[in-house]
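# A closer look at the structure
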Amino acid sequence: MCEAGWVKPAAKQAVLITTAEPSHAEELRRREIRYVIMMGLRALCLVLAAVLVSVRVPLLWLWLSLCGVGMVLLPWLAVIIANDRPPKEEHRLFRRSRPQPAPPRSLPAPADPRVIDADP
């Protein structure tokens, strides 16, 4: 108890700097960089397809289909990855479901429990 007669609330556990999550701005910046890189690869696929058509390379249909798949899948993947947050290391409810050690003041269980039977 304190001097005034009231009990201080239990202090929250301090967050170690090594386990702290990155700031929202830093996380957003990483996602923006990934998005820009993927969209740059999409633009590269478009330019590569135009160059391949003008040069008339062998197996043009194969190269154009690969560039087309890249131009279709990369924007979709870029949006999915840009909107995704990094996974949390441990779910908050998982910590509560762990088996807790026995309290230090509890009595140990008897090694050989006695059974008293009333029937002879």
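Not measured: the values here are computed from a predicted model.

The rules behind the values
Residues numbered from 1 in each chain as written. Predicted model: local features only at pLDDT ≥ 70, side-chain atom pairs only at ≥ 80, totals over all residues. Heavy atoms only, no water. Helix = DSSP H or I, 4+ residues; strand = E, 2+ residues; numbered from the N terminus. Salt bridge = Lys/Arg side-chain N within 4 Å of Asp/Glu carboxyl O. Buried < 20%, exposed > 50% of the residue type's maximum accessible area, 1.4 Å probe, protein only. Patch = residues over 30% accessible without salt bridge, like charges linked within 9 Å, V, L, I, M, F, W, Y side chains within 5 Å. Areas by Shrake-Rupley, 256 points an atom, 1.4 Å probe, with all protein chains shown as cover. Expected span 1.5 Å × (residues − 1). Contact = heavy atoms within 4.5 Å. pLDDT = per-residue confidence, 0-100. Axes fitted to C-alpha atoms, helices over the stretch in contact; angles between N-to-C directions. Parallel < 35°, antiparallel > 145°, perpendicular 65-115°, else oblique. Left-handed = near helix turned anticlockwise from the far one by under 90°. Nonpolar A, V, L, I, M, F, W, Y, C, P; charged D, E, K, R; others polar.

Turning to its location among the elements, Trp-63 is positioned in helix α2 (residues 60-83). Along the chain, Trp-63 and Cys-45 lie 18 residues apart, while their C-alpha atoms are 10.0 Å from each other.

Evaluated as defined, the whole model comprises 2 salt bridges. The salt bridge partner of Glu-26 is Arg-30, with a shortest N-O separation of 2.6 Å. Within this pair, Glu-26 and its partner Arg-30 are both found in helix α1 (residues 24-55), separated by 4 residues, close to a single helical turn. Residue Arg-30 is classed as partly exposed on the basis of its relative accessible area of 43%.

Next up on the list: a nonpolar patch on the surface. On the surface, Val-69, Val-72, Leu-73, Trp-76, Leu-77, Ile-80 and Ile-81 cluster together to form a nonpolar patch covering roughly 630 Å² of accessible area. Turning to its location among the elements, Val-72 is positioned in helix α2.

Further remarks concern α1. Over its 32 residues, α1 runs 47 Å from end to end, which matches the ideal 46 Å to within 8%, given 1.5 Å per residue. Listing the buried residues of α1 in full gives Glu-27, Arg-31, Met-38, Cys-45, Ala-49 and Leu-52. On the buried face of α1, the contacting elements are α2. Positive phi appears at Arg-56, one or two residues downstream of α1, with a value of about 60°.

A few words on the confidence of the model for the protein chain. Overall, the predicted model of the protein chain reaches an average pLDDT of 78, with 67% of residues at or above 70. Ranking the helices and strands of the protein chain by mean pLDDT puts α1 first, with 92, and helix α3 (residues 92-97) last, with 59.

Another aspect to go through is the packing of α1 against α2. Relative orientation of the contacting elements α1 and α2 amounts to 165°, with a least axis distance of 9 Å. In terms of orientation, α1 lies roughly antiparallel with respect to α2. In terms of crossing hand, the pair formed by α1 and α2 is left-handed. Class assignment for the residues of the contact of α1 with α2 results in 22 nonpolar, 2 polar and 3 charged.

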